[in-house]
Amino acid sequence: MFRKCLTTFAQGKNANNAGCLTSIVCRTAHRRASNKKADSRPPKVLITGGLGQLGIECAKLLRSQYGAESVVLSDIIKPSKEVIESGPYIFADILDFKGLQKIVVDNRIDWLIHFSALLSAIGEQNVPLAVRVNIEGVHNVIELAKQYNLRIFVPSTIGAFGPDSPRNPTPNVTIQRPRTMYGVSKVHAELMGEYYYHKFGLDFRCLRFPGVISSDPPGGGTTDYAVAIFHEALRSGKYTCYLRPDTRLPMMYIEDCLRALLEFMRAPSENLKRRVYNVTAMSFTPEELVEELSSYVPNLHVTYKPDSRQDIADSWPQVFDDSEARRDWGWQHKYDLKNLVSFMVKDVRENFIKLEDAKVRASST
Ligand SMILES: NC(=O)c1ccc[n+]([C@@H]2O[C@H](COP(=O)([O-])OP(=O)(O)OC[C@H]3O[C@@H](n4cnc5c(N)ncnc54)[C@H](O)[C@@H]3O)[C@@H](O)[C@H]2O)c1
């Protein structure tokens, strides 16, 4: 191993191996230290891509469990005042391997939650950047996790399946031939993680999430309509949907999604029969969501103008089979369509519409 690293380093085959020598030393020291302390202190967690739809809420959940200082949120974008005030936040570009090494060492990180990514629709608009962020970035964090003996979580997606996969239901193990760069990069991440698990014993954990619904703005995915509709319908009573009314996709409320992540990270390794699991809560179409939302917005007017995202949605699972997650580590969702809509309406009204109205009133006086 030692010689292999030196040879590869000398040949300049892999920039990541620049830290190989030091990392062997670090890893040994880290292992000894962490073995002693593993059970006595809460895990120190680094979240990459932490200012997106999932990251900020994930940090809130983990901080409520392990303390504010135990969770380091990171991203390449400027944080709000609220983010800075709620706990440690640092700049971390996942394409900078040495920078990541420094963060892991300086903060004595145990768990890495890797959220940085370009989502499906955005990825199709900038394929070279999606390749870098979603593929090179995953190489960096997986190698980093191996070197420093971290437990690593990388989310995958329903987008990791394609038109050749069974769509209703889509089982945990089946054909995966996605047609988006996002999907290709996620299958790659799943396989890389499984390979590192089998080859090096890396504690790699991956959940394939469906469309995640929360009141925060989503990052450019194909299921974004199910968030945008709440903001627009509650403000104007109208919405133009970019998917056909009968497009069925699996979905999950953010609270279920992040609880799944936490329960999965805490699950004893021996319970996990695999390293990649489907998880979901419900499946619905735009017209079913509109019908449920109509009881809060009685004159809701929705028009349908499918765009390129329709082609992506048509190749994705309609119903996700997560029975293996339920069997192996006890996954159970709490939110169905009815209570999802009720929570979203309350959240968007209180935390967005009322606040914006108050700002407008303040600026006009
Ligand atoms: N939101 C969903 O519905 C959903 C569903 C399935 C899987 N996922 C996965 O969960 C993860 C988080 O999703 P999200 O919705 O929060 O995404 P998001 O697009 O909202 O956030 C991604 C973050 O990655 C950051 N990022 C981009 N390039 C980076 C770089 N070079 N270095 C560091 N950070 C960088 C962005 O600044 C952004 O804040 C992603 O991996 C996504 O594939 C999300």
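Residues numbered from 1 in each chain as written. Predicted model: local features only at pLDDT ≥ 70, side-chain atom pairs only at ≥ 80, totals over all residues.

Looking at an unreviewed UniProt entry, the protein carries the name L-threonine 3-dehydrogenase, mitochondrial, with the source organism given as Bactrocera dorsalis. What UniProt states about the protein under its Sequence similarities (unreviewed entry) heading is, verbatim, "Belongs to the NAD(P)-dependent epimerase/dehydratase family." (UniProt positions renumbered as here; feature names shortened; annotations may be inferred.)

(A) Summary view of the packing of helix α3 (residues 55–66) against helix α10 (residues 254–266). The interhelical angle for the contact between α3 and α10, taken along N-to-C directions, is 55°, at an axis separation of 10 Å. In terms of orientation, α3 and α10 fall into the oblique class. α10 is crossed by α3, and the crossing has right-handed handedness. Contacts from Glu57, Cys58 and Leu61 in α3 reach Ile254, Leu258, Leu261 and Leu262 in α10. (Axes fitted to C-alpha atoms, helices over the stretch in contact; angles between N-to-C directions. Helix = DSSP H or I, 4+ residues; strand = E, 2+ residues; numbered from the N terminus. Parallel < 35°, antiparallel > 145°, perpendicular 65-115°, else oblique. Left-handed = near helix turned anticlockwise from the far one by under 90°. Contact = placed C-beta atoms within 7 Å.)

(B) Fine view of the sheet that holds strand β12 (residues 282–284). What the three strands build is an open sheet, ordered β8-β10-β12; its pairing is mixed. In this open sheet, the two edge strands, each paired with only one partner strand, are β8 (211–213) and β12. Averaged over all adjacent pairs, the angle separating strand axes in this sheet is 45°, with direction ignored. Looking at chain direction, β8 and strand β10 (residues 249–253) are connected through three bridges and run parallel. Bridge pairing in β10 links Ile213 to Tyr253. (Pairing = 2+ DSSP bridges.)

(C) Fine view of the site of the ligand. The local shell around the ligand holds 28 residues, among which Gly49, Gly52, Ser116, Ala117 and Gly219 are the closest. Tallied by class, the residues present in the shell around the ligand amount to 15 nonpolar, eleven polar and two charged. (Near = placed C-beta within 6 Å. Nonpolar A, V, L, I, M, F, W, Y, C, P; charged D, E, K, R; others polar.)

(D) Unusual backbone geometry, seen in detail. Here the residue pair Asn168 and Pro169 is connected by a cis peptide bond, since its omega of 0° sits within 30 degrees of zero. Look at Arg108: it is not a glycine, yet its phi comes out positive at around 50°. One can find Arg108 in the loop between α5 (97–107) and β4 (111–114). Since 13 C-beta atoms lie within 10 Å of it, Arg108 is described here as partly exposed. Here the phi dihedral of Asn149 falls at roughly 55°; this positive angle occurs in a residue that is not glycine. (Buried ≥ 20, exposed ≤ 12 C-beta atoms within 10 Å, placed from the backbone.)

(E) Molecular detail of helix α14 (residues 337–364). Taking 1.5 Å per residue as the helical rise, α14 with its 28 residues ought to reach 40 Å, and the 39 Å between its terminal C-alpha atoms agrees with that figure. The largest bend along α14 reaches roughly 35° and is located at Arg349. Turning to α14, its buried residues are Leu340, Val341, Met344 and Val348. Of the surrounding elements, those touching the buried residues of α14 are β8, α9 (225–236), β10 and α11 (286–293). (Expected span 1.5 Å × (residues − 1). Bend = angle between axes of the 7 residues up to and from the residue.)

(F) Representation of the environment of Asn126. Positionally, Asn126 belongs in the loop between α6 (120–125) and α7 (127–147). Taking the C-alpha atoms as reference points, Asn126 and Met181, 55 residues apart in sequence, are found 9.4 Å from one another.

(G) Here's a closer look at the nonpolar core. In this structure, Ile47, Leu112, Ala145, Ile152, Ile213 and Ile229 are the most contacted members of the largest nonpolar core, which totals 97 residues. Tallying contributions element by element places α7 first for this core, with seven residues. Contacts of Ile47, omitting those with residues within four sequence positions, involve Gly55, Cys58, Ala59, Val71, Leu73, Ser74, Ile113 and Phe115. (Core = buried A, V, L, I, M, F, W, Y, C linked by C-beta atoms within 7 Å.)

(H) A look at the pairing of β4. Neither face of β4 is left uncovered, since the one carrying Trp111 and Ile113 and the one carrying Leu112 and His114 both have all their residues buried. Here β4 pairs with strand β5 (residues 151–153) via three bridges, running parallel. In the sheet register, Trp111 faces β5, and the bridge partner there is Arg151.

(I) Region of interest: the environment of Tyr239. One can find Tyr239 in strand β9 (residues 238–241). Each residue touching Tyr239, except ones within four places of it in the same chain, is listed here: Ile229, Glu232, Ala233 and Val302.

(J) Layout of the pairing of β10. Counting buried positions along β10 yields five of five residues, so the element is predominantly enclosed. Burial of the side chains of β10 extends over both faces: Leu249, Met251 and Tyr253 are buried on one face and Pro250 and Met252 on the other. Summarising the sheet, β10 and β12 pair through three bridges and their orientation is antiparallel. Its bridge partner lying in β12, Met251 is registered against Met282.

(K) Structural view of the confidence of the model for the protein. Taken residue by residue, the protein gives an average pLDDT of 91. The fraction at 70 or more is 89%. Ranking the elements of the protein by mean pLDDT puts helix α1 (residues 2–10) last, at 32, and β5 first, at 99. Under a pLDDT of 50 for its full length, residues 1–37 has, in the predicted model, 28 contacts with residues more than four places off or in other chains. (pLDDT = per-residue confidence, 0-100.)

(L) The packing of α9 against α11, seen in detail. Close contact between α9 and α11 brings their axes to 11 Å; oriented N to C, the two are set at 30°. Between α9 and α11 lies a crossing whose hand is right-handed. In this structure, α9 contributes Tyr225, Ala226, Ile229 and Ala233 to the contact, and α11 contributes Pro286, Leu289 and Leu293. Counted by class, the contact of α9 with α11 contains seven nonpolar, no polar and no charged residues.

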